[in-house]
Amino acid sequence: MDIEFDFKGDPLGGVISNYLLEKSRVVKQPRGERNFHVFYQLLSGASEELLEKLKLERDFSRYNYLSLDSARVNGVDDAANFRTVRNAMQIVGFMDHEAEAVLEVVAAVLKLGNIEFKPESRVNGLDESKIKDKNELKEICELTAIDQSVLERAFSFRTVEAKQEKVSTTLNVAQAYYARDALAKNLYSRLFSWLVNRINESIKAQTKVRKKVMGVLDIYGFEIFEVSDNSFEQFIINYCNEKLQQIFIELTLKEEQEEYIREDIEWTHIDYFNNAIICDLIENNTNGILAMLDEECLRPGTVTDDTFLEKLNQVCATHQHFESRMSRCSRFLNDTTLPHSCFRIQHYAGKVLYQVEGFVDKNNDLLYRDLSQAMWKAGHTLIKSLFPEGNPAKINLKRPPTAGSQFKASVATLMRNLQTKNPNYIRCIKPNDKKAAHIFSEALVCHQIRYLGLLENVRVRRAGYAFRQAYEPCLERYKMLCKQTWPHWRGPARAGVEVLFNELEIPVEEYSFGRSKIFIRNPRTLFKLEDLRKQRLEDLATLIQKIYRGWKCRTHFLLMRRSQIVVAAWFRRFAQRKRYQQTKRSALVIQSYIRGWKARKLLRELKHQKRCEEAATTIAAYWHGTQARRELSRLKEEARNKHAIAVIWAFWLGSKARRELKRLKEEARRKHAVAVIWAYWLGLKVRREYRKFFRANAGKKIYEFTIQRIVQKYFLEMKSKMPSLSPIDKNWPPRPYLFLDSTHKELKRIFHLWRCKKYRDQFTDQQKLIYEEKLEASELFKDKKALYPSSVGQPFQGAYLEINKNPKYKKLKDAIEEKIIIAEVVNKINRANGKSTSRIFLLTNNNLLLADQKSGQIKSEVPLVDVTKVSMSSQNDGFFAIHLKEGSEAASKGDFLFSSDHLIEMATKLYRTTLSQTRQKLNIEISDEFLVQFRQDKVCVKFIQGTQKNGSVPTCKRKNNRLLEVAVP
């Protein structure tokens with residue numbers, strides 16, 4: 001695993017590399033060891049509901065792939081570890097459906113081991129296999145969404161394709177079990193690789209700044225089991241250890257001794273064992289064991305493990321590190337412990353005896369094409385993605401690489417990676433073979449120390465130099481310890497280091513000068529240099545403090561001196577100004593007194609003159625007042641006489657009018673009495689004339705007359721009680737009679753239709769369009785979106801920005817030739833951190849445009865034919881996502897996520913415009929959790945309820961690479 005750090009040492013991210021998984025452990029485990037831990041954790045820690053969903057049982061003995069002798073380990077709580085795994089998946093950023101898909105694949109692998117086969121004979125004499133119990137197969141198909149007949153046929157038949165020909169053959173029981181185990185191993189291995197890639201997406205560093213990387217490599221230990229247990233897996237693991245031992249030798253023993261020789265340091269060479277000959281025996285491209293194993297797997301004819309061993313005996317018989325009963329170095333006449341079906345390799349850690357049985361099959365690691373195609377047909381999204389080669393459109397007839405070649409390529413990649421790094425080693429010594437505490441086997445520990453090369457490494461370190469450094473950095477670090485080199489050395493760096501060491505009187509045997517570096521033998525010499533440097537740095541710091549304090553005090557003194565001069569100047573200025581102001585105030589007081597005396601004298605003169613003028617005016621006013629009062633008295637007397645005459649005349653006219661009114665009333669009363677008597681007389685004559693006709697149809701006439709009068713009265717009353725012409729007014733007069741019930745309801749219906757028509761006739765074409773949009777919004781969002789009720793009373797305006805009138809958007813107006821349906825400012829959500837940016841949202845008849853709010857420059861243009869879906873939540877927020885067609889030019893940066901105050905209007909207009917242009921209904925998805933495509937990543941937008949710091953404003957926050965969380969109050 002590579003961990004990336006910034007310049008401060010804080011971790012930024014990491015990358016996990018998987019070189020080769022020991023997938024054979026899925027179907028078979030060595031004695032005393034368990035299968036992969038996730039199987040035991042799932043069965044121990046999953047809830048009953050989850051186990052029932054995955055069709056599993058908690059009993060380990062129900063599954064053939066689990067080793068029962070090591071199922072329970074002391075000190076290991078599988079249930080707690082399962083909870084830890086689930087929590088870790090959530091922290092890394094796994095979605096709920098992704099975690100469920102992973103557990104379903106793990107359950108399917110477990111249940112694959114329970115499938116058993118029975119032999120059957122066909123008519124043509126060929127053997128074939130059949131599944132004993134199809135219940136397990138059925139449950140696996142339900143978990144993976146695969147057709148049961150397809151998977152059953154894949155376990156029973158194998159199809160071989162060659163150019164244009166296809167040949168289908170049956171599988172016997174052994175081949176069926178091989179196909180089952182191959183499928184289980186491939187499922188688990190590919191799921192493991194998918195998990196590594198998925199975790200890398202979440203933990204990778206987001207920044208592109210320069211960073212440092214520290215890698216941690218967990219390698220296999222050297223494995224030597226009993227004869228029957230050392231197989232192909234142990235062979236490739238030990239091969240990896242040989243390569244790691246080789247790079248350890250090159251980077252420690254060989255490189256260090258070569259450095260001494262390169263630097264002309266007197267050195268006595270120390271011998272060590274170089275295992276390059278063993279690596280060449282295994283990995284040589286022509287005569288190596290892996291190359292011959294691949295050649296044996298690919299050649300036509302009958303290929304068995306014995307033929308592979310025979311070929312090894314022919315090619316490697318003379319190699320000094322290879323032994324078998326048929327080789328020249330085996331000494332089989334005396335060594336009867338070497339079986340016929342085995343070969344022995346002298347590794348750097350000792351001799352290992354390998355059982356050749358299973359080498360060819362394990363190296364092939366072949367998954368039949370029928371099983372790959374069956375997995376690709378699965379309805380399970382994760383399983384289908386794990387088997388891309390099963391796609392019939394991408395059939396590749398080329399044989400897949402063998403397990404040995406894959407491991408060899410992985411080891412080569414690892415070696416190249418280690419060569420580019422500065423490695424440090426941590427050697428782990430196994431104290432005993434019993435895996436028990438407090439037991440120390442001295443022979444085992446000594447053996448490990450010898451084969452790991454630790455003795456040679458210690459001898460090289462003790463005979464060599466503990467510290468080395470180039471002359472330039474050494475002089476730069478310790479130059480302050482010598483007066484001749486401090487502060488600057490004007491010569492070669494080596495000469496400066498020699499002067500420095502001579503000045504410090506360091507013994508000559510404690511150091512040596514190389515071509516480009518100085519070598520220090522004893523660590524205490526280096527510690528002495530560091531102590532002297534530390535003491536010298538303290539002295540230099542004291543000197544710097546002294547100089548700084550002197551400079552600070554001198555600066556403070558000069559500042560105080562300048563301040564005193566400035567204060568004295570300001571004080572003298574203040575005193576002179578105060579004296580001047582006092583003199584000025586005294587002069588002003590004197591001037592004011594003089595001006596006051598002059599003003600009072602002038603005022604007395606003016607008042608005397610004014611009193612004389614006012615006396616003459618007062619006398620004239622009194623005289624004119626007397627004359628006016630006399631004239632008023634005369635006029636009042638004359639008016640009083642005229643009013644008395646008018647009152648007498650009015651009384652006379654009133655009396656005359658009352659007498660005339662009384663006479664007219666008496667005359668009208670007599671005329672009315674004559675008319676009443678005449679009407680009664682005519683009625684009596686009519687009744688006498690038609691009495692006989694009336695008696696014949698009296699009942700019917702009375703009924704019809706009564707009904708007619710009631711209906712007439714009903715209509716007359718309805719006329720006066722009609723409700724308003726508003727279509728929303730539900731008032732209606734009550735029904736007066738029961739027999740008029742149907743008529744009353746029909747009249748209500750007709751009246752409502754009529755007033756609705758009258759109301760519609762008042763609409764203009766623009767109003768009709770608005771109400772059609774309101775009706776469309778009701779069908780799309782009523783009872784689905786909590787924001788809809790608040791939008792009912794708001795009219796749909798569309799153009800909220802006056803682009804045609806605002807000169808700021810003149811450039812934007814000129815760039816758009818179509819009619820603008822919507823012009824609104826929205827908040828575009830940033831894909832990286834969830835923050836918002838203001839954008840102008842424009843909708844025309846054919847396109848959807850986004851422009852910068854400040855400059856009016858068009859940022860994005862999306863044709864409506866590329867818009868596939870609009871997603872929003874069911875809550876009271878304005879967030880919505882516009883999904884674009886995959887593969888289109890507009891979808892290169894991914895989908896759009898917006899926030900708007902007019903969400904209902906924008907979604908409705910976009911829906912209607914898309915329908916009119918493409919003749920297809922736009923999909924409106926309303927859900928509190930949906931996926932949005934951002935470039936190559938799919939991010940889940942999840943809406944939750946929560947209290948906000950900003951009041952009622954929803955906020956968006958990015959939790960990780962796969963989750964955007966919107967908190968809605």
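As named in an unreviewed UniProt entry, the protein chain is Unconventional myosin-Ib, taken from Myotis myotis. The Sequence similarities (unreviewed entry) field of the UniProt record for the protein chain holds the comment "Belongs to the TRAFAC class myosin-kinesin ATPase superfamily. Myosin family." Within the UniProt record for the protein chain, the comment given under Function (unreviewed entry) is "Motor protein that may participate in process critical to neuronal development and function such as cell migration, neurite outgrowth and vesicular transport."

J.: Would you explain the overall build of the protein chain in this entry?
T.: Each helix and strand in the protein chain was counted, giving 26 helices and 25 strands. Taken over C-alpha atoms, the radius of gyration comes to 54 Å for the protein chain, far larger than the 30 Å a tight globule of 969 residues would show. Within the protein chain, contacts between residues separated by at least 24 positions form 59% of all contacts whose residues are at least 6 apart in sequence. Counting every atom, the protein chain has about 61800 Å² of accessible surface; 55% of that belongs to carbon and sulfur. One way to put it: in the protein chain the 164 positive side-chain charges average out to a point 18 Å from where the 117 negative ones average out.

J.: Help me understand the nonpolar core, please; the structure alone is not making it clear to me.
T.: One recurring pattern in soluble globular proteins is that nonpolar side chains are buried together. The biggest cluster of nonpolar side chains holds 61 residues, and the ones touching the most others in it are Leu112, Leu151, Phe155 and Leu183. At ten residues, helix H4 (residues 96–112) tops the list of elements feeding residues into this core. In this structure, Leu112 is in contact with Tyr65, Ile140, Phe155, Arg180, Leu183, Ala184 and Leu187, ignoring residues within four places of it in sequence.

J.: In this structure, what is going on with the domain arrangement of the protein chain? I would like to understand it.
T.: You'll often see interface size given as the accessible area lost when the parts meet. Domain parsing of the protein chain yields domain 1 (2–216 + 377–389), domain 2 (226–256 + 268–365 + 400–464) and domain 3 (765–967). Tallying the contact residues gives ten residues for domain 1 and 13 residues for domain 2. Of the roughly 1100 Å² buried where domain 1 meets domain 2, counting both sides, 48% is carbon and sulfur surface. Linking domain 1 to domain 2 there are zero salt bridges. Our enumeration of links across domain 1 and domain 2 arrives at zero residue pairs in polar contact (both at pLDDT 80 or more).

J.: I tried to follow the pattern of salt bridges on my own but got confused; where do I start?
T.: In a structure, side chains of opposite charge can pair up when their charged atoms sit close to one another. Applying the stated criterion to the full structure yields 40 salt bridges. A salt bridge links Lys134 to Glu152; the shortest N-O distance between them is 2.8 Å. Linking Lys134 in helix H5 (residues 134–144) with Glu152 in helix H6 (residues 148–156), this pair joins segments that are 18 residues apart in sequence. The partner of Glu631 in a salt bridge is Arg634, with the nearest N and O atoms 2.2 Å apart. One end of the pair, Glu631, and the other, Arg634, are both in helix H20 (residues 523–696), three residues apart, so they sit about a helical turn from each other. On the basis of relative accessibility, which here comes to 45%, the residue Arg634 falls in the partly exposed class. Each of Glu98, Arg198, Glu201 and Arg962 takes part in one network of salt bridges that share partners.

J.: Please clarify how the sheet that holds strand E14 (residues 820–829) should be interpreted in this entry.
T.: Each strand in a sheet pairs with its neighbour through backbone hydrogen bonds, running either in the same direction (parallel) or in the opposite one (antiparallel). Spatial ordering of the open sheet is given by E17-E16-E15-E14-E20-E19-E18-E21, a layout of eight strands whose pairing is mixed. Looking at strand neighbours, the two that pair on one side only are strand E17 (858–863) and strand E21 (923–926), the edges of this open sheet. The mean angle between the axes of side-by-side strands here comes to 30°, regardless of whether they run parallel or antiparallel. Strands in contact with helix H26 (residues 903–918) are E14, strand E15 (836–844), strand E16 (847–852), strand E18 (867–872), strand E19 (879–884) and E21; relative to E14, the strand with the most contacts, it is inclined by about 125°.

J.: Before we go on, may I ask you to explain unusual backbone geometry in this structure?
T.: Most peptide bonds adopt trans geometry, and most residues besides glycine take a negative phi value. Between Trp486 and the following residue, Pro487, the backbone shows a cis peptide bond with an omega angle of 5°. Take Pro487: it is sitting in the loop between helix H18 (471–478) and helix H19 (493–504). For Lys55, which is not glycine, the phi torsion reads 60° and is therefore positive. Within the secondary structure, Lys55 is located in the loop between helix H2 (48–54) and helix H3 (78–92). Residue classification places Lys55 among the partly exposed positions, given a relative accessible area of 28%. In this structure, His438 is a non-glycine residue whose phi angle is positive, near 65°. Counting through the fold element by element, His438 comes out in the loop between helix H15 (403–419) and helix H16 (442–451).

J.: Even after reading the chapter, I still don't get the sheet that holds strand E7 (residues 212–215), so can you show me in this structure?
T.: Taken in spatial order, the three strands of this open sheet run E2-E1-E7, and their pairing is antiparallel. At either margin of the open sheet sits one strand with a lone partner, and together these are strand E2 (11–15) and E7. Taking the axes of each pair of neighbouring strands and ignoring which way they run, one obtains an average angle of 25° across the sheet. Note that strand E1 (residues 2–5) and E7 share four bridges and pair antiparallel. Looking at the pairing, Asp2 lines up with Gly215 of E7.

J.: Which parts of the structure should I look at to understand the packing of helix H1 (residues 37–45) against H3?
T.: Pairs of packed helices are described in terms of their axes, by the angle between the two and the distance that separates them. Between H1 and H3, whose axes approach to 7 Å, the crossing angle comes to 100°. Regarding the angle of H1 to H3, the classification is roughly perpendicular. Judged by residue contacts, Tyr40, Gln41, Leu42, Ser44 and Gly45 of H1 engage Asp78, Ala79, Asn81, Phe82 and Val85 from H3.

J.: Looking at this structure, how should I read the environment of Arg935?
T.: Position of Arg935 among the secondary structure elements: in the loop between strand E22 (929–934) and strand E23 (937–945). Here the alpha-carbon distance between Arg935 and Arg831, two residues 104 residues apart in the chain, equals 9.2 Å. Sequence-distant contacts of Arg935, that is, excluding residues within four places in its chain, are made with Ser892, Lys893 and Gly894.

J.: I'm lost on helix H11 (residues 305–315) in this one. Help?
T.: Because each turn of an α-helix spans 3.6 residues, side chains separated by three or four positions in sequence point in the same direction. The complete set of buried residues in H11 reads Asp305, Phe308, Leu309, Lys311, Leu312 and Asn313. Structurally, H11 contributes buried residues whose contacts are with helix H10 (289–298), strand E8 (322–323), strand E9 (342–347) and helix H12 (359–364).

J.: Looking at this structure, I do not really get the packing of aromatic side chains. What am I missing?
T.: Describing an aromatic ring pair means giving the distance of the ring centres and the angle of the ring planes. A complete count under the given rule lists 24 aromatic pairs for this structure. For the ring pair Trp732 and Phe751, a centre distance of 5.6 Å and an interplane angle of 40° mean the geometry is tilted. Of the two residues, Trp732 is situated in the loop between helix H21 (698–720) and helix H22 (741–761) and Phe751 in helix H22; the sequence distance between them amounts to 19 residues. In this pair, the class of Trp732 matches that of Phe751, namely buried. One aromatic cluster is present, formed by Phe235, Phe322, Phe343 and Tyr354 through successive ring pairs. A cation sits over an aromatic face here: Arg34 above Tyr40, 4.2 Å from the ring centre. Sitting over the face of the ring of Phe94, Arg198 holds its NZ or CZ atom 4.8 Å from the ring centroid.

J.: Help me out: how do you make sense of the environment of Leu897 in this one?
T.: Relative to the helices and strands, Leu897 resides in strand E20 (residues 896–899). Judged by its relative accessible area of 2%, Leu897 falls in the buried class. The sequence separation of Leu897 and Phe879 amounts to 18 residues, and the corresponding C-alpha distance is 7.2 Å. Each residue touching Leu897, except ones within four places of it in the same chain, is listed here: Asn827, Lys828, Ile829, Phe880, Ala881, Phe934, Val941 and Leu964.

J.: How should I be thinking about the side chain of Arg180 in this particular structure?
T.: If you trace the backbone, Arg180 turns up in helix H7 (residues 173–203). Using a relative accessible area of 9% as the deciding quantity, one classes Arg180 as buried.

Rules used in this analysis
- Residues numbered from 1 in each chain as written.
- Predicted model: local features only at pLDDT ≥ 70, side-chain atom pairs only at ≥ 80, totals over all residues.
- Heavy atoms only, no water.
- UniProt positions renumbered as here; feature names shortened; annotations may be inferred.
- Helix = DSSP H or I, 4+ residues; strand = E, 2+ residues; numbered from the N terminus.
- Rg over C-alpha atoms; globule rule 2.2 N^0.38 Å.
- Contact = heavy atoms within 4.5 Å.
- Areas by Shrake-Rupley, 256 points an atom, 1.4 Å probe, with all protein chains shown as cover.
- Lys, Arg positive; Asp, Glu negative; His and termini not counted.
- Charge placed at Lys NZ, Arg CZ, Asp CG, Glu CD.
- Core = buried A, V, L, I, M, F, W, Y, C linked by side-chain atoms within 4.5 Å.
- Buried < 20%, exposed > 50% of the residue type's maximum accessible area, 1.4 Å probe, protein only.
- Domains from an automatic or database assignment.
- Buried area = accessible area lost by both parts, 1.4 Å probe.
- Salt bridge = Lys/Arg side-chain N within 4 Å of Asp/Glu carboxyl O.
- Polar contact = N/O pair within 3.5 Å; in protein donor to acceptor, adjacent residues only side chain to side chain.
- Pairing = 2+ DSSP bridges.
- Axes fitted to C-alpha atoms, helices over the stretch in contact; angles between N-to-C directions.
- Parallel < 35°, antiparallel > 145°, perpendicular 65-115°, else oblique.
- Phe/Tyr/Trp six-rings, centres within 6.5 Å; stacked < 30°, edge-to-face > 60°.
- Lys NZ or Arg CZ within 6 Å of the ring centre and 35° of its normal.

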